[in-house]
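An overview of the molecular structure
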Amino acid sequence: IVMVMESMPDLRETPEACLAAKFLTVENCEPRPHDIFKTVEVVCVTIFTVEYILRVGTVHAAKPQDCGLTEGRSYNSLEMTVCYARQLLNLVDLFAILPFYAEVAGLGSGGASVLRVLRLVRIFRVLKIPKLKSCADMLVDVCWDALPALLILLFMSMMACVFFASCIYITE
């Protein structure tokens, strides 16, 4: 929500450097979000990082079936931690916090907008809520079952576009 709010023009301000600069540049005059948004983001990412590190660091003390790992196999501490960290939703959590630290380290200068979009991966944490996980699984199953019909619909739409584009070309 903070990412959306900081992009709103009403919640951005023109820096003082733009008003006092001899040589006005785009960098000097680009409106910037208020500082409170950066503070909220730092606090949220810090809490999220601590939670992720504690979760991955202490997973070896839990039972494998409680962590989503196969029950029949025996794991040592390192294997269990690595297998847990390589699960899809845990990788989503990792990819949600890495762009922030890449931007802080200065690696996001050229592709900063790409890194900001990657932060939206945090939304997929909702899939970890048990009540919503069954709904998400059902949605994936329905989409998978409907895939042949959707592909036929896509193919027929493309054919109609080609047909009508050809008709328009001929009439012109």
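To keep things clear, this report deals only with the structure shown in the data block.

Rules used throughout
- Residues numbered from 1 in each chain as written.
- Predicted model: local features only at pLDDT ≥ 70, side-chain atom pairs only at ≥ 80, totals over all residues.
- Heavy atoms only, no water.
- Helix = DSSP H or I, 4+ residues; strand = E, 2+ residues; numbered from the N terminus.
- Buried < 20%, exposed > 50% of the residue type's maximum accessible area, 1.4 Å probe, protein only.
- Contact = heavy atoms within 4.5 Å.
- Areas by Shrake-Rupley, 256 points an atom, 1.4 Å probe, with all protein chains shown as cover.
- Expected span 1.5 Å × (residues − 1).
- Salt bridge = Lys/Arg side-chain N within 4 Å of Asp/Glu carboxyl O.
- Phe/Tyr/Trp six-rings, centres within 6.5 Å; stacked < 30°, edge-to-face > 60°.

**Concerning the overall build of the chain**
For the chain, the helix and strand inventory stands at 8 helices and 2 strands. In the chain, the order of α-helices and β-strands from amino to carboxyl end is α-β-α-α-β-α-α-α-α-α. Per-residue burial for the chain yields a buried fraction of 19% across its 172 residues. Contacts spanning at least 24 positions in sequence make up 43% of the contacts within the chain whose residues lie at least 6 apart. Surface accessibility of the chain: about 12,900 Å² in total, with carbon and sulfur atoms responsible for 72%.

**What about helix H6 (residues 88–104)?**
Over its 17 residues, H6 runs 25 Å from end to end, which matches the ideal 24 Å to within 8%, given 1.5 Å per residue. Among the residues making up H6, those that are buried are Asn90, Val92, Asp93, Ala96, Ile97, Pro99, Phe100 and Ala102. With its phi angle positive at about 90 degrees, glycine 106 sits one or two positions after the end of H6.

**So, the environment of alanine 61**
Note on placement: alanine 61 falls in the loop between helix H4 (35–57) and helix H5 (77–85). Along the backbone, alanine 61 and threonine 81 are 20 residues apart, and their C-alpha atoms lie at a distance of 9.6 Å.

**With respect to the pattern of salt bridges**
Any two side chains of opposite charge can pair, on the condition that their charged atoms come close. Under the counting rule described, the total for this entry stands at 3 salt bridges. Arginine 55 is the salt-bridge partner of aspartate 93, the closest N and O atoms lying 2.8 Å from each other. One end of the pair, aspartate 93, is in helix H6; the other, arginine 55, is in helix H4, with 38 residues separating them in the sequence. For the pair aspartate 93 and arginine 55, one class covers both residues: buried. Across the pair glutamate 79 and arginine 73 runs a salt bridge, and its minimum N-O distance is 3.6 Å. Salt bridges sharing common partners tie together Glu51, Arg55 and Asp93.

**Here we look at the packing of aromatic side chains**
Counted under the stated rule, the structure contains 2 aromatic pairs. Taken together, a centroid distance of 5.2 Å and an interplanar angle of 80 degrees make the contact between phenylalanine 100 and tyrosine 101 edge-to-face.

**Brief notes about the side chain of threonine 49**
Note that threonine 49 resides in helix H4. Its relative accessible area of 11% is what places threonine 49 among the buried residues. Not counting chain neighbours up to four residues away, the residues in contact with threonine 49 comprise Ile97 and Tyr101.

As far as function goes, none of this settles anything; it's purely spatial.
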